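# Architecture at a glance
Letter by letter, the chains look like this.
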Amino acid sequence: MVHLRLEKLEKYAQENNVPIMQKDGIEFLANYIKENNIKNILEIGSAIGYSAIKMALVDNDIKVTTIERDIDRYNLAVKNINDFNLTEKINIINADALEVELNDKYDLIFIDAAKSQYIKFFEKFEKNLKTNGVIVSDNLSFHGLVEDETKTNNRNTKQLVRKIRKYIEYLKENPNYKTTFYELGDGVAISIKLN
Ligand code: SAH
Ligand code: MG
């Protein structure tokens, strides 16, 4: 049952160009959550709720807070979360994440919103990360363009690629985190807070 409904979301996303996490990326993340006994998750960028639902389904006592600024996607995510009976486990907020103040601390923060703002998201929300918590970043490959930007001539895309490269450097040089980059999905990084 759950399987069928997840496939429906994947199909919807594909047909409507909603950039949900790729399959191997989300499986990897779900596994990581399971193996590391992660319980409290903050997600920046819910889209239609797909990855929040996948993460919430990993275990009974997982709680996800997720933020989405686009009202149409937010509404659809609310509906999907309802359909999966996950309203008790997923708290979705309709706002620009850069304007949200949260007091809770999380085991894992998943950054998957506007790619040009990743450093801002990181610096805004790291205070909400528990000791030994992790920040996960998606789309660091950006369809392979980060490795080879000659694949596009679009100025905005090139600009975005430069910002993602800057973020990758930022992660590599950040002494407070140990970051590992994974070449799966659209490029995933896991940054473990060192103290
Ligand atoms: N995590 C989702 C996909 C998110 S797509 C999944 O894998 O299922 C990225 C989403 O981030 C988009 O829906 C976009 O509207 C949202 N977004 C971009 N910038 C944002 C911001 N500053 N605050 C909140 N949401 C943002
Ligand atoms: Mg993504």
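About the thresholds
Every residue gets a number counted from 1 within its own chain, in the order that chain's sequence is written. Both sets of labels track the order of writing: A upward for chains, 1 upward for ligands. This being a predicted model, a pLDDT of at least 70 is required before a residue's local features are given, and a value of 80 or more before pairs of side-chain atoms are given or counted; all residues contribute to the totals for chains, interfaces and linings. The basis for every side-chain value is the complete set of non-hydrogen atoms in the structure, without hydrogens or water. Only strands joined by at least two bridges in the DSSP assignment are considered to pair. In this description a helix means any DSSP run of H or I spanning at least four residues, a strand means any run of E spanning at least two, and both kinds are numbered starting from the N terminus. Lines fitted to the C-alpha atoms define the axes, with helices restricted to the stretch that makes contact. Angles between their N-to-C directions range from 0 to 180 degrees. Throughout this document, a residue counts as near a molecule or strand when at least one of its heavy atoms sits within 4 Å of that molecule or strand. The definition of a polar contact used here is a pair of N or O atoms within 3.5 Å, where within protein one atom must be able to donate a hydrogen and the other to accept one, and adjacent residues in sequence count solely through side-chain atom pairs. Residue burial considers only the protein chains on display, and all accessible areas are found by Shrake-Rupley using a 1.4 Å probe. Only protein atoms enter the 1 Å grid, on which a cavity is a set of points fitting a 1.4 Å probe that cannot get out and a pocket is an open set with protein on both sides within 12 Å along at least 5 of 7 lines, lining residues being those with an atom within 4 Å of a point. Grid points define the cavity or pocket, and a molecule sits in it when more than half of its atoms lie within 2 Å of them. Just so you know the grouping, Ala, Val, Leu, Ile, Met, Phe, Trp, Tyr, Cys and Pro go in nonpolar, Asp, Glu, Lys and Arg go in charged, and all remaining residues, Gly too, go in polar. For salt bridges, the criterion is a side-chain nitrogen of Lys or Arg within 4 Å of an Asp or Glu carboxyl oxygen. Each residue is assigned to one of three classes by its accessible area relative to the maximum for its type, calculated with a 1.4 Å probe on protein chains only: buried under 20%, partly exposed between the two thresholds, exposed over 50%.

### Considering the sheet that holds strand 2 (residues 63–68)
- With mixed pairing, 7 strands are arranged side by side in an open sheet as 3-2-1-4-5-7-6. Whereas interior strands pair on both sides, the edge strands pair on one side only; in this sheet they are strand 3 (90–94) and strand 6 (177–182). Within the sheet, the average angular offset between the axes of one strand and its neighbour, ignoring direction, is 15°.
- For strand 5 (residues 129–138) and strand 7 (residues 188–193), the ladder comprises 5 bridges, and the chain directions are antiparallel.

### Comments concerning the site of ligand 1
- Near ligand 1, the surroundings consist of 21 residues, among which Met21, Gly45, Glu68, Ala97 and Asp112 are the closest.
- Within the side chain of serine 51, an N or O atom sits 2.9 Å from a nitrogen atom of ligand 1.
- A distance of 2.6 Å is found between an oxygen atom of ligand 1 and a side-chain nitrogen or oxygen belonging to glutamate 68.
- With the chains in place, 95% of the 580 Å² that ligand 1 exposes on its own is no longer accessible.
- The pocket occupied by ligand 1, as judged from atoms lying within 2 Å of grid points, is the largest pocket.
- Residue assignment for the shell around ligand 1 shows that the elements contributing at least two residues are helix 3 (50–56) and strand 2.
- Split by residue class, the shell around ligand 1 holds 11 nonpolar, 3 polar and 7 charged.

### Quick notes on the pattern of salt bridges
- Inspection of the entire model under this criterion finds 12 salt bridges.
- Between glutamate 15 and lysine 11 there is a salt bridge, with the nearest N and O atoms lying 3.5 Å from each other. Taken together, the residues span about one helical turn, with glutamate 15 and lysine 11 both in helix 1 (residues 2–15) at a distance of 4 residues.
- When its relative accessible area of 55% is taken as the criterion, glutamate 15 is described as exposed.
- Taking the shortest distance from any N to any O, the salt bridge between aspartate 112 and lysine 115 comes out at 3.2 Å. Of the two residues, aspartate 112 and lysine 115, both sit in the buried class.
- A single network of salt bridges, built from pairs that share partners, joins Lys39, Asp59 and Asp61.

Limitation: the analysis is restricted to geometry and does not speak to function.
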